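One-letter residues, chain by chain:
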Amino acid sequence: MKLSRRTLLAGAATIGLVSSASMALAQSAADIAVEAAKQFAGTELTVFYEAGLQPLDPINFSGPLWEELTGIKINIVEAPLDQMFTKIIQETKAATGAYDILNVIPNQMPDLALAGALEPLDDYIERYGYADEIAGIGDVYRNNQMTVEGVTYGLADDGDVLLMYYRKDIFEDPEMQSGFKAEFGYDLAPPADWQQFNDIAGYITKTMGPDVYGAGMHFQPGNFQYLFQERFRVEGGTFFDADTMRATVNSEVGLKVFNDILADIEHMPPGVEQWGFIEMLNAFMDGQTAMTISWPPVGRWTAGYGSDTEALSWLPETTVGGDVGYALPPGGTPELAIGFSLSVSSASENKEAAYLFAQWMNSEEISLQRVQLPFAMRDPFRASHYADPEYRSRWDGADEYLDALQAGSVSGLLDLSLIQTDRYEEALRQAIGRLWAKEDPQTILDDLASQWDDLTDRIGVDDQRRVYADWASKPNAYPN
Amino acid sequence: MSAAGSKNNTRKRLALGIICAVVFFFPIYWLAAISVKTPDEIFAYPPVWLPKSIDLNNYYVLFRDGDVWTVFNSLVTAGISTVIAMVLGTFAAYSIARYKTGGPNFSMWIISQRMVPTICIAFPVFLLFVSLKLVDTYIGLILLYTAFNLPYVIWMMRGYIQDVPIELEQSAYIDGLGRFQVILKVVFPMVRAGLFATAVFTFIFAWNDFLFALILTRSDVTTYPVQVTGYFGSQSTFWGKIGAMSMLGMLPMFFVVATMQKYIVRGMSMGAVKG
Amino acid sequence: MSRLFEFRFIILAPAIFFILLIGLYPFVNLLITSFQNITMFADDTSYSGFIHYERLFQDGRFWGAVMRTLLFTLVALPIQIALGLGMAFLFLNKMPFKQVLIAIILLPTVISPIVAGSTWRLMFDNRFGPINQILGWITGTDVELLWTVNLDLVWPAILVADVWQWTPFMFLLLLTALSGVDEEQLEAASIDGASKFRIFRLIILPAIMPVMAVAILIRGLDLVRLFDIVWTMTQGGPGTHTETISVYAYQVAFREFDVSYSAAFALIIIVVLTILVLGFLRLVEVER
């Protein structure tokens, strides 16, 4: 039977489809991305990153590797964390197309999407078959840091979570244990709630001070607001009344939390109200504090991982390596503070290539390497990362570390996310600053609530209610 | 006053003078010290006053990572804009000083251009630069600093030029010199000290600018003040780099102050009266 | 005669062109934008009347920033003048090492305010800076003052940084002015038996007044526009306690991208400042 030309073509097409489909199934997302990106060889992509250590990844690893594989050059533009939102909106407002790939802080994603700065990614995800590997991202990051009202705008790329780090040697010391039990009636262990935290911190300060204090955290408002958001919810607080959209942060819970925090400060080194991340880290690494709650790099750096690399040469030596324990903070629902997702700028002139780079970086294969870079600031965020045998054996305790991170990725709490989140956070930061300045807690909270209400009124109660409802309905918005 | 009395007086004043110098220099010393401390020394508590050794690693890192380019960027943008502003501004000042071009209100308007707080016009300027494709370019920043410093140059040089006796110029005309030549060969030498003083301060204004550079650069033309603020991170504060970069940024200024000091003082005394 | 006409315009034109390029467009843009309604999310360019100006007038945070800035200016300026004058007298007459000492004293003025602010943030730091240590030695107790957190200490801290950076500038200006005071007049007055104070008030002060006026104008203006030092030391905190006009303006323009509101804000500041400065200049001109 002579096959008509049409039939031949149809047949060829079918065969082509089938074979490429099976190829797609066999290929990893990273490979697919590289293959597809080769057609853009010779172009340049600009990636927007937080300044400091973060860009070391694209500068030293992912950028050069990508160029080698695809012929696309990666150009990096950096900005300090608190400048990132500004810079992105600035470029968007002027439609400059200066950035192709963006690092987006997830709780700012609604604002950026609303302002038209981000490109929807669902089509690309489907086209390049990325849905499978997306399923491997830790639940909490996948479900909460990638979409705005159902549309995907970013690929969750960083497992930021505020874990508790404590001095195992102190907690496991028999004298400390018996003394503590005698006084408080329960075993000395990482605190399960904030009352225990206060008990333990007080006891350690009493018995070991002033050489060692019970705890020390980063109190600078920019950092502490995340700790507050978590503790407030753990103690039962809600940010808003879902129906009236009035702020309820000045409730009894809010006051209790503020007063409890002030009580905790008694068991921390003097001057702690001024501490930023570095002071907190330094104190813990020096052995001056027994507990702290902070970002994942603390867990790696205090154990000495990566301390021999050039990029981390500015860190002082850790004196507590080997004695660091990892746990979930009191309440068991750590704050997923900050974090990053990879997005594509809506004004980019190379959207497809930009997406492919993002997919490649975020893929199982490449992300596993990226989170293990000694100078990496990207924290594990995929199930495969937590389970990776190589990572788990990188230092004594690395397995506990990864287990704690994984637990956090299940129970963690989301940063508050609304329209113009930054303004609400700004008011919160200011309130915290006032607390350290010893103003009356109730007054501060009432002012904060009224500032939030003013903002809501200005933005539009109905719009905000809708967005808040969307956020609050996520499983990780409030502890269950 | 007796000779002995004034000698005592001089000694007292010298002592006070030294105290002043120490007080003003001390923070700069602290910054220099931190730029050569080891990481352990930087984070030591209580703080280390005298570093045990001079560890130049921070400087090395700035050179290796290319951060030191930002000092170069500052030099280029501040330097070239100063030159352009001085040339255009001095000629403009001559026109206003000698010919009263535009009348008194005109010179008032020129001065008022300098009064504008940077933040007020930062975003419109950004939009302007976007449409002219000048964002994150040397030309863009140079243009901006030139335009921003011109009013100051015109204002200062007008005063200096007015101090030059007009007879000098008139006799030069009689001698057959053309107008340009008169300006270049007669007026300029007379106001040389004023030129230096104004140039130095114009350079300083551009050199120290932060807000414009922050808004109008991305990565190609970052200037050194913007770079320094980038070292204050959310999960790291690179005090060592902050110290080293600050010292590098100060070096050209040390040089300027040291060599130009004579001219600055003379220039200011001449022009200050006229303002 | 017509050639003369052309010449004076030719040599003026390039400068004016530059000034207009950077001066005119932003001003016009601000004017237009302030009557529209552009925000972070909406590019509403329809005419919206005076709503932003009304809002500005009722904006408590704005007036707070204005009050704070003015208060700080009124405190910092006299201090810098007084200290500068004192130092100028000190260095007026011959002294060994005079040039070197003056050069050292001038250093703070020639560094970027960003560096100055960063330096003092470091100096006042409880862990990493020497100030608390020094205070501890003087008072004999443990000093744990939190200069960037404590409400009572933040403004003094900023004041110290600003005075440290700009007193040398005042010092230099006043030194040159004092050197220009007529020696003969001074000698005649002191022979006549006039007290030091009278000499100062009636001879020296009038002679240096023109320079003082310039100094007051330049520094006063800079203080009203204070941004860099506050930005590196407190970022306007705690709360809005150290928020100056420029810091709040930055907030509105570049954090909240309330474009039209910030345009109205900017315009009002420009207009008010211009009027004040021109008024001051007229006053000085008239005096002379």
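Our structure's up above, just so we're on the same page.
A few points on the structure. (Residues numbered from 1 in each chain as written. Chains lettered and ligands numbered in written order. Predicted model: local features only at pLDDT ≥ 70, side-chain atom pairs only at ≥ 80, totals over all residues. Heavy atoms only, no water.)

**Some points on unusual backbone geometry**
Residues and elements named next belong to chain A.
Here is step 1 of the chain: Here the residue pair glycine 209 and proline 210 is connected by a cis peptide bond, since its omega of -5° sits within 30 degrees of zero.
Here is step 2 of the chain: Looking at the secondary structure, you find proline 210 in the loop between helix H11 (194-208) and helix H12 (221-234).
Here is step 3 of the chain: A positive phi angle, close to 45°, is found at glutamate 149, a residue other than glycine.
Here is step 4 of the chain: Relative to the helices and strands, glutamate 149 is located in the loop between strand S4 (147-148) and strand S5 (151-152).
Here is step 5 of the chain: The exposure class assigned to glutamate 149 is partly exposed, which follows from its relative accessible area of 43%. (Helix = DSSP H or I, 4+ residues; strand = E, 2+ residues; numbered from the N terminus. Buried < 20%, exposed > 50% of the residue type's maximum accessible area, 1.4 Å probe, protein only.)

**Quick look at the sheet that holds strand S9 (residues 324-327) of chain A**
Residues and elements named next belong to chain A.
Here is step 1 of the chain: Spatial strand order, S8-S7-S9: 3 strands in an open sheet with antiparallel pairing. Each edge of the sheet is formed by a strand with only one pairing partner; in this case those strands are strand S8 (291-294) and S9. Across this sheet, the average inter-strand angle for adjacent strands is 25°, counted without regard to direction.
Here is step 2 of the chain: Where strand S7 (residues 163-167) and S8 come together, 4 bridges link them in antiparallel fashion. Along S8, the bridge assignment pairs tyrosine 165 with threonine 292.
Here is step 3 of the chain: Of the strands in this sheet, S7, S8 and S9 touch helix H14 (residues 277-285), which is tilted by about 145° from S8. (Pairing = 2+ DSSP bridges. Axes fitted to C-alpha atoms, helices over the stretch in contact; angles between N-to-C directions. Contact = heavy atoms within 4.5 Å.)

**With respect to the interface of chain A and chain B**
Here is step 1 of the chain: At the interface, 32 residues of chain A touch 22 residues of chain B.
Here is step 2 of the chain: Carbon and sulfur atoms make up 59% of the surface buried where chain A meets chain B, a total of about 2,200 Å² over both sides.
Here is step 3 of the chain: A per-residue breakdown of the area chain A buries against chain B is headed by Gln90(A), Ile278(A) and Trp314(A), which together make up 23% of the total.
Here is step 4 of the chain: The partner of Arg218(B) in a salt bridge is Glu91(A), and the shortest N-O contact between them spans 2.6 Å.
Here is step 5 of the chain: Linking chain A with chain B are 5 residue pairs in polar contact (both at pLDDT 80 or more), by the criterion used here.
Here is step 6 of the chain: Elements with a contribution of two residues or more to the side of chain A that touches chain B: strand S2 (73-79), helix H4 (81-93), H14 and helix H15 (296-302) of chain A. (Buried area = accessible area lost by both parts, 1.4 Å probe. Salt bridge = Lys/Arg side-chain N within 4 Å of Asp/Glu carboxyl O. Polar contact = N/O pair within 3.5 Å; in protein donor to acceptor, adjacent residues only side chain to side chain.)

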